[in-house]
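# Understanding the architecture of this molecule
Residues per chain, in single letters:
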Amino acid sequence: MASRIYALNEQALSISFGDEISPQINNKVLALHQALQNEPFTGFVESVPAYTTLTVYYDLSQILESDINGPHSARQIVTGIINDILSSLSDSGELNLPQLQIPVCYDLSLAPDLPWVAEYCRLSIPEVIELHSSQVYRVYMIGFIPGFPYLGMLPPSLDVPRKLRPALSVPAGSVALAGRQTGIYPFTIPGGWQVIGRTPFMLFDLYQVPCCSLAVGMQIKFTPISLEEYKNQIKH
Amino acid sequence: MSLRIIKPGISTTLQDIGRRGFQSAGVPVSGAMDTDSMQLANLLCGNDPNEVVLETSLHGAEWLVEEEQLIAFCGSGATLLINNKPAPFNRSIRVKASTLLSLKPAASGCRSYMAAAGGFKARTDLKSKSTYKTAAIGGQEGRALKAGDLLEWGLERKELCRKIVDSLPLNGSDLAIANWGAVYHKNPDQRGNIIRVFRGPEWDWFDEQVKEKLFNNSFGVTNQSDRMGYRLSGIPMMLSKKQEMISTAVCMGTIQVTHEGSLVILMADAQTTGGYPRLAMVAAVDLPVCAQMRPGNRFYFKEISINHAEALLTEKEKTLKQIEKSIFMKFTQ
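This one's a predicted model, so the numbers in the text were calculated from it and none came from an experiment.

## Looking at the overall build of chain B
When helices and strands are counted, chain B shows 5 helices and 21 strands. Over its C-alpha atoms chain B spans a radius of gyration of 20 Å, differing by no more than 12% from the 20 Å that the globule rule assigns to 333 residues.

In C-alpha cells form, the structure reads like this:
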C-alpha cells in the first residue's frame, strides 16, 4: 500500500495514505488499524485512525529492548515493523463496514440552527431534513471529545460554515453540520457547528464495551423521528 | 475517611500516568501534567511510580489528614505548611491523624503533587484513575475536588511503604520528616526558561523567516492555559499561503498554529485529533518543564533533533529507574 511515514513525536509515528478525503484512503487507514489490533507488536500502545492517517503510539523502552541487531532509533525499528505489515496488506482487502441507523429528531425545539441553515442553503426546512437524512455517511474519524464522530460527506448543497462564535453549551445528542461534515455531540459542551437536530442514541457509555458506539468505517444513515418518539427513546 | 478537603485549591484532580488505548474512541490520555514530579512523589512513599496522586495548581489548598499516613509532596508552585509550620517538598513525611496540610504562595512554578502510601481510592474508568472532566471520567466522580470531599487512602500498601513508615518514628510529634530525599535533576542545559522542541509534521509549511522568529523571540504563557493546552503570546507565525489541513492525530507536546498565527502547546488533556498545522513538538523530557510554567511566564524555544529528544527520554527513564532502585535498596539491605 502506498504510504508516507513520519514521526509525530519520540513515541509515535503517523502513516499517511494520501492528501484527500476519500473512502478508498480511509479504508487503507482502517486496514492497518485493524491489522495492528489483531496482531499488536511488542511495545505497541495504541493506534489512532483519522481521515488519511493512522498514528501508532509505542513504548520507547520496550521498542529499544527489542533491538537485537542495533543500535537503531525506535523510529527506525517501528518503521520497519509497519512497512512489513503494509506489504502484507492488499489494497483490495475485504473490510467489514457495519451499517447503523441513527434516529434524529429535527423538531425546531431541538434544532436551534435549522432555520439559519435552510436560509443559508436557500432550501426549505423539509428539504434540509430530506437531504440530511437521505445520505449514507461514513465515520471517517472519532475525535474532538470522546465518541464524537466525523461523518462525511454532506452533499455540496448543505455545505455551511462554522459559527463565528461557538455556542457556549451544545446539548448532548445534538446533530450538527460544518463544511462537508456532519457530527454528533456525545456530551454537553461548547461547540461551533450548526445544530439541526438531536438524537436519543448514546454515542459514548463508560459501562459498555466498547465505550464508543461508532467506529471508523461504519456506514451511518439518519432516520427522522418525531418529538414524541425522541422523548420516548431518550436515555441521557 | 482519610483526607478531608477543607479548601480544594485550584483545579485539584486525582491523576495517574494517564489513559492509554482509547484515543481511537476520542478519549484523551490525561494523567499528571508533570509526570516526573508525580513519579518522584510516589517513589518517596514506596508506591509504584504510576500510582494515583493529587495534582493541584499554585496555592490555596487546605487538606486535613484524618488518619495517619506516609505522604510526599513534589513539583513546585507552592510552599507547603504542615500544621502551619514550613515543611519540605521531595521528602517522605509521616503525619499523624488530624494534621493540616496547606499550600501557600511560592515565587515560581505551577503544579504540586501529593502522593500517599498506597495511593487514593478513586474511580478506575477505562483502565485509569486519571480525572478527565469533560466526560466525567475517572478520579473523584470525574471532577475536580471541592470543599467537603472526603478521600480514602488506597488499601493496598506495598512492603516498601511499611518499611519507610517504620523508619520514621513519630515519638510524640505531629510529624516525622525523612533525613533523605530524592530530586530528579533535569538535564544540565535546562535552565527552566528554555523549552526544547523538534520539527513538527507541518514544519515545511512555514517560511524560513517565520521559523527563525520561533527561536529568536520569547513567548509567554497566557491566562488561556489549562490542562488541555497553553495559548502563547508572542510574535504570530503566519503561513505564507493558505493550505488545507485534514484533521489528524495530535498529542501532548504538539505545538499547533491557529488561523490567527497564535501558538498553542497541547497538554495532558489534549484532544486526540486536530486540524491546525503542527509546527513543532516539545521534547518529551521538557513536558514537565512546561507543566510547571504559570500564566505570565516567558521562555524561549530551542531546536534539537528528534534523535536527540529520543536519547534524552531514554536517559531520563533510566535515571528514574535508578532512583526507584536506590530507594528500594536503602530499605531492603
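From this point, things continue past the structure.
## Comments concerning the overall build of chain A
In terms of regular secondary structure, chain A is built from 6 helices and 13 strands. If you line up chain A on its principal axes, its C-alpha atoms span 65 × 35 × 35 Å. Looking at chain A as a whole, 43% of its 236 residues are labelled buried. Residue pairs in contact within chain A that sit at least 24 positions apart in sequence constitute 61% of those at least 6 positions apart.

## Thoughts on the domain arrangement of chain A
Residues and elements named next belong to chain A. As assigned here, chain A comprises domain 1 (4-88) and domain 2 (99-233). In this structure, domain 1 and domain 2 have C-alpha centres spaced 31 Å apart. Taken together, the contact between domain 1 and domain 2 spans 7 residues of the former and 6 residues of the latter. At 3 residues, helix H1 (residues 23-38) tops the list of elements feeding residues into the side of domain 1 that touches domain 2. Partitioning the side of domain 1 that touches domain 2 into residue classes produces 6 nonpolar, 1 polar and no charged.

## Some thoughts on helix H5 (residues 306-330) of chain B
In this model, H5(B) (25 residues) spans 36 Å end to end at C-alpha, consistent with the 36 Å of a helix rising 1.5 Å per residue. Turning to H5(B), its buried residues are B:Ala309, B:Glu310, B:Leu312, B:Leu313 and B:Ile327. Where the residues of H5(B) are buried, they touch helix H2 (60-65) and helix H3 (74-88) of chain A together with helix H1 (35-44) and strand S13 (194-199) of chain B.

## Digging into the sheet that holds strand S2 (residues 10-15) of chain B
All names here are of chain B. Taking strand neighbours across the sheet as the criterion, the 6 strands line up as S2-S3-S10-S5-S8-S12 in an open arrangement whose pairing is antiparallel. Each end of this open sheet is capped by a strand with a single partner; those strands are S2 and strand S12 (175-181). Recorded for the sheet is a direction-independent mean angle of 20° between the axes of neighbouring strands. Direction of pairing for S2 relative to strand S3 (residues 53-57): antiparallel, over a ladder of 4 bridges. Of the residues in S3, the one forming a bridge with Ile10 is Ser57.

## Here's the deal with the interface of chain B and chain A
Where the parts come together, the accessible area they lose is often given as the size of the interface. In this complex, chain B contributes 32 residues to the contact, which on the side of chain A involves 38 residues. Those elements that provide at least two residues to the side of chain B that touches chain A are strand S16 (248-249) and H5 of chain B. If one sorts the elements of the side of chain B that touches chain A by residue count, H5(B) sits on top with 7 residues. Residue composition of the side of chain B that touches chain A, by class: 15 nonpolar, 13 polar and 4 charged.

## A few points about the pairing of strand S2 (residues 12-16) of chain A
All names here are of chain A. Counting buried positions along S2 yields 5 of 5 residues, so the element is predominantly enclosed. Of the two faces of S2, both are covered, the one formed by Ala12, Ser14 and Ser16 as well as the one formed by Leu13 and Ile15. What sits between the antiparallel neighbours strand S1 (residues 4-9) and S2 is a turn of 2 residues.

## Some thoughts on the domain arrangement of chain B
Residue and element names in this part refer to chain B. Structurally, chain B comprises domain 1 (3-181) and domain 2 (194-313). The partner domain 2 presents 13 residues to the 20 residues of domain 1 that form the contact. Among the elements that take part in the side of domain 1 that touches domain 2, H1 stands out by supplying 3 residues, more than any other. Looking at the side of domain 1 that touches domain 2 residue by residue, the classes come out as 6 nonpolar, 11 polar and 3 charged.

## Brief notes about the sheet that holds strand S17 (residues 254-257) of chain B
Residue and element names in this part refer to chain B. Here 7 strands make up a closed barrel; going around it, the order is S13-S20-S17-S18-S15-S14-S21 and the pairing mixed. For this sheet, the mean angle separating the axes of adjacent strands, direction not counted, is 40°. Bridge count for S17 against strand S18 (residues 263-266) is 3 bridges, and the pairing is antiparallel. When the sheet's bridge partners are listed, Gln256 is paired in S18 with Val264.

## With respect to the environment of A:Asp67
All names here are of chain A. When you line up the elements, Asp67 lands in the loop between H2 and H3. Exposure remark for Asp67: the 13 C-beta atoms within 10 Å place this residue in the partly exposed category. Excluding residues that lie within four positions of it along the chain, Asp67 makes contacts with His72 and Ile77.

## A word on the confidence of the model for chain B
Considering every residue of chain B, the mean pLDDT works out to 95; 97% of them sit at 70 or more. As scored by the predictor, the complex reaches a pTM of 0.95 and an ipTM of 0.96.

## What about the pairing of S18(B)?
All names here are of chain B. Of the two faces of S18, the one lined by Leu263 and Ile265 and the one lined by Val264 and Leu266 are each fully buried. Where strand S15 (residues 229-233) meets S18, 3 bridges bridge the pair, whose relative direction is antiparallel. Across the sheet, the residue bridging to Gly229 is Leu266, located in S18. Joining the antiparallel neighbours S17 and S18 is a turn of 5 residues, in which Gly261 adopts a positive phi near 90°.

Each value, and the rule that gives it
Residues numbered from 1 in each chain as written. Chains lettered and ligands numbered in written order. Predicted model: local features only at pLDDT ≥ 70, side-chain atom pairs only at ≥ 80, totals over all residues. Helix = DSSP H or I, 4+ residues; strand = E, 2+ residues; numbered from the N terminus. Rg over C-alpha atoms; globule rule 2.2 N^0.38 Å. Buried ≥ 20, exposed ≤ 12 C-beta atoms within 10 Å, placed from the backbone. Contact = placed C-beta atoms within 7 Å. Domains from an automatic or database assignment. Nonpolar A, V, L, I, M, F, W, Y, C, P; charged D, E, K, R; others polar. Expected span 1.5 Å × (residues − 1). Pairing = 2+ DSSP bridges. Axes fitted to C-alpha atoms, helices over the stretch in contact; angles between N-to-C directions. pLDDT = per-residue confidence, 0-100.

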